[in-house]
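If you want the building blocks of each chain, they are given just below.
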Amino acid sequence: MKTVPTGFPKNFLWGGAVAANQCEGAWNIGGKGVSMADIEALPEVYSRKKVVGFKHTRAELEAAAVDENGDYPRRRGIDFYHTYKQDLALMKEMGFTCFRTSFNWTRIFPHGDETEPNEAGLKFYDELIEEMIRLGIEPVMTISHYEMPVSLITQYQGWYGKPVIDFFLRYCEVLFRRYHDKVKTWIVFNQINSLGGWGEFASLGMLEDEFQDWNSAKYQATHHQLVASAKAKQLARSIDPTMRIGMMLGDDATYPATCDPRDVFANTQFMQMSVYFYSDVLLRGEYPGYALRYFQDHAIHVQISAEEERLLKENPADFLSISYYHTKVKNASSADPQPNPYLKASIWGWSIDPLGLRNSLNLYWDRYHKPMFIAENGLGALDEVSEGEIHDDYRIDYLRQHIAQLKEAIRDGVEVFGYASWGPIDIISCSQGEMSKRYGYIYVDQDDRGRGTGKRIRKDSFAWYRQVIATNGEQY
């Protein structure tokens, strides 16, 4: 008979996660092409309660791509391209056993449709991955994290264009063949369910003025990503079966607003199409009935071939990774989820719900019985430097509570093999490109406009997380 786990597994992976486009900088060095992230300008006015940007017409995109004077913060990042050895050394000091980052597609295929990769771009990742391994840090690599080449958007309509599948597979093949003996854990698409107003551009590369039937177009583009995911798994298995290929969800979990059956079912339907649809296809290998009915009820037309259905069925992902930050509530009378009145929220309006992490992990485990990896979790906050120190007890408290609930989920029998908190070092924020929304254990002296020394400073949370890792999650 199985026994109840007492804590984290012996070889549990502890670390942190970033995206290439938010940290590397060096946007036009080494033959790199222009990516979708490179054209996102810093807004003049912030709205902490919503994402700004990631919606473009063709004219706006083409103008931004050649603009040399605007303020595009992802072009500078935190200069990780040049400081990665210093930054990885700090992560090693904390005891990291894994680090999740992404390849920037445009470093390797600047336009996306070339037949041969850019060797200078690959050389950077050769050295980055080699340095991780030298330090005993396992690379967890994301293949696509909002870094699509702009040329694929302008020439092929992003993921709506079926030829992009083959371009992406060429990219995957270069990565798998070059790094299969060094990288064993792969995430194909970051938060593949990132739709709903901003992900149509950030994830799918869709322009607002290009489609008359927007809903059909975005699900057709999503289908192409699902097919590409299955093909990537098939390709990886043929090259090196020891690689594990995962899929990733943004865990946008919601609860019923009340016990009114109408609210309960409204929440069920919301979770089905905003979250479970993607993992049902990629982990169970087929389109669920509720999605097919949703398409029919909303006059959404998606072309799916019998060969693609077979491909999805035969090549499910090996594991599920999730990002987890907050939860909301859903009622039958409003289209969008609402804040949970029982929870406190960060200054960005994100409800803090540690128990929700345990709840989500249990639900995913019951649904799929697939290993899981926490690919993102963290608190964005305004940090203050006082006499050269950053006292971020609020971050420690947030992470402590979530790690405690992660441990409880493991004791529930959920198989989780790693935890990578978001932004182990301060990076450019995804939502609006600001630097002042900080997540890291390591402070970077840089403001929203890129001004500062770039100096790295250990926050109080740095020592705290080092202790968590040293005790394998027993002291948090």
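A brief structural summary. Owing to the predicted nature of the structure, the values given are computational and were not obtained by experimental measurement.

Examining the overall build of the chain
Scanning the chain from N- to C-terminus turns up 16 helices and 12 strands. Principal-axis analysis of the C-alpha atoms places the extent of the chain at approximately 60 × 55 × 50 Å. Of the contacts made within the chain by residues no fewer than 6 positions apart, 78% connect residues no fewer than 24 positions apart. Here the chain displays about 19,100 Å² of accessible surface, and carbon together with sulfur accounts for 50% of that area. Treating the 52 positive side-chain charges of the chain as one cloud and the 64 negative ones as another, the clouds have centres 4 Å apart.

Some remarks on the packing of helix 6 (residues 119-134) against helix 8 (residues 163-179)
In contact at an axis separation of 12 Å, helix 6 and helix 8 are set at 40° when each is read in the N-to-C sense. The angle between the axes of helix 6 and helix 8 places the two elements in the oblique class. Crossing geometry of helix 6 relative to helix 8 is assigned as right-handed. Contact residues: Glu119, Leu122, Tyr125, Asp126 and Ile129 in helix 6; Val174, Arg178 and Tyr179 in helix 8. Grouping the constituent residues of the contact of helix 6 with helix 8 by class yields five nonpolar, no polar and three charged.

Some words on the pattern of salt bridges
Within this structure, the stated rule accounts for 37 salt bridges. Between Asp260 and Arg262 there is a salt bridge, with its nearest N and O atoms 2.8 Å apart. Asp260 sits in the partly exposed class, given a relative accessible area of 23%. Notably, a salt bridge pairs Asp392 with Arg395, separated by 2.8 Å at the nearest N-O pair. One network of salt bridges, in which partners are shared, links Asp383, Asp392, Arg395, Asp426, Arg438 and Lys459.

Here's the deal with the sheet that holds strand 10 (residues 416-422)
Sheet strands associate in pairs through backbone hydrogen bonding, adopting either a parallel or an antiparallel arrangement. With respect to topology, eight strands assemble into a closed barrel ordered 1-2-3-4-5-7-9-10, the strand pairing being parallel. Across the sheet, the mean angle from the axis of one strand to that of its neighbour is 25°, orientation sign disregarded. Sheet analysis places strand 4 (residues 185-189) next to strand 5 (residues 244-250), joined by three bridges and oriented parallel. Across the sheet, residue Thr185 finds its bridge partner in strand 5, namely Arg244. Where helix 8 meets the sheet, its contacts fall on strand 3 (138-144), strand 4 and strand 5, and the angle it forms with strand 3 comes to roughly 165°. Most of the contacts of helix 16 (residues 460-470) go to strand 1 (residues 13-17), to which it runs at about 150°, and overall it touches strand 1 and strand 10.

Things to note about the packing of aromatic side chains
For the structure shown, the criterion picks out 40 aromatic pairs. Aromatic side chains Trp14 and Tyr419 sit 6.0 Å apart centroid to centroid with 65° between the ring planes, which places their arrangement in the edge-to-face category. Here Tyr419 lies in strand 10 and Trp14 lies in strand 1, a separation of 405 residues in the sequence. On the basis of relative accessibility, which here comes to 2%, the residue Trp14 falls in the buried class. On the basis of relative accessible area, Tyr419 is assigned to the buried category, the value being 0%. Joined through ring pairs, the aromatic side chains of Phe80, Tyr81, Tyr84, Phe99, Phe103, Phe124, Tyr125, Phe176, Tyr179 and Trp186 make up one cluster. Stacked on the ring of Tyr276, the Lys or Arg Arg367 has its end atom at 4.1 Å from the ring centre. The aromatic ring of Trp350 is capped on one face by Lys437, whose charged end is 4.1 Å from the ring centroid.

Things to note about unusual backbone geometry
One non-glycine residue, Gln157, lies in positive phi territory at about 65°. Mapping Gln157 onto the fold places it in the loop between helix 7 (150-156) and helix 8. The residue Glu387 is not glycine, and still its phi comes out positive at about 55°. One can find Glu387 in the loop between strand 9 (372-376) and helix 15 (393-411).

The rules we used
Residues numbered from 1 in each chain as written. Predicted model: local features only at pLDDT ≥ 70, side-chain atom pairs only at ≥ 80, totals over all residues. Heavy atoms only, no water. Helix = DSSP H or I, 4+ residues; strand = E, 2+ residues; numbered from the N terminus. Contact = heavy atoms within 4.5 Å. Areas by Shrake-Rupley, 256 points an atom, 1.4 Å probe, with all protein chains shown as cover. Lys, Arg positive; Asp, Glu negative; His and termini not counted. Charge placed at Lys NZ, Arg CZ, Asp CG, Glu CD. Axes fitted to C-alpha atoms, helices over the stretch in contact; angles between N-to-C directions. Parallel < 35°, antiparallel > 145°, perpendicular 65-115°, else oblique. Left-handed = near helix turned anticlockwise from the far one by under 90°. Nonpolar A, V, L, I, M, F, W, Y, C, P; charged D, E, K, R; others polar. Salt bridge = Lys/Arg side-chain N within 4 Å of Asp/Glu carboxyl O. Buried < 20%, exposed > 50% of the residue type's maximum accessible area, 1.4 Å probe, protein only. Pairing = 2+ DSSP bridges. Phe/Tyr/Trp six-rings, centres within 6.5 Å; stacked < 30°, edge-to-face > 60°. Lys NZ or Arg CZ within 6 Å of the ring centre and 35° of its normal.

Function cannot be read off these values alone, since they describe shape.
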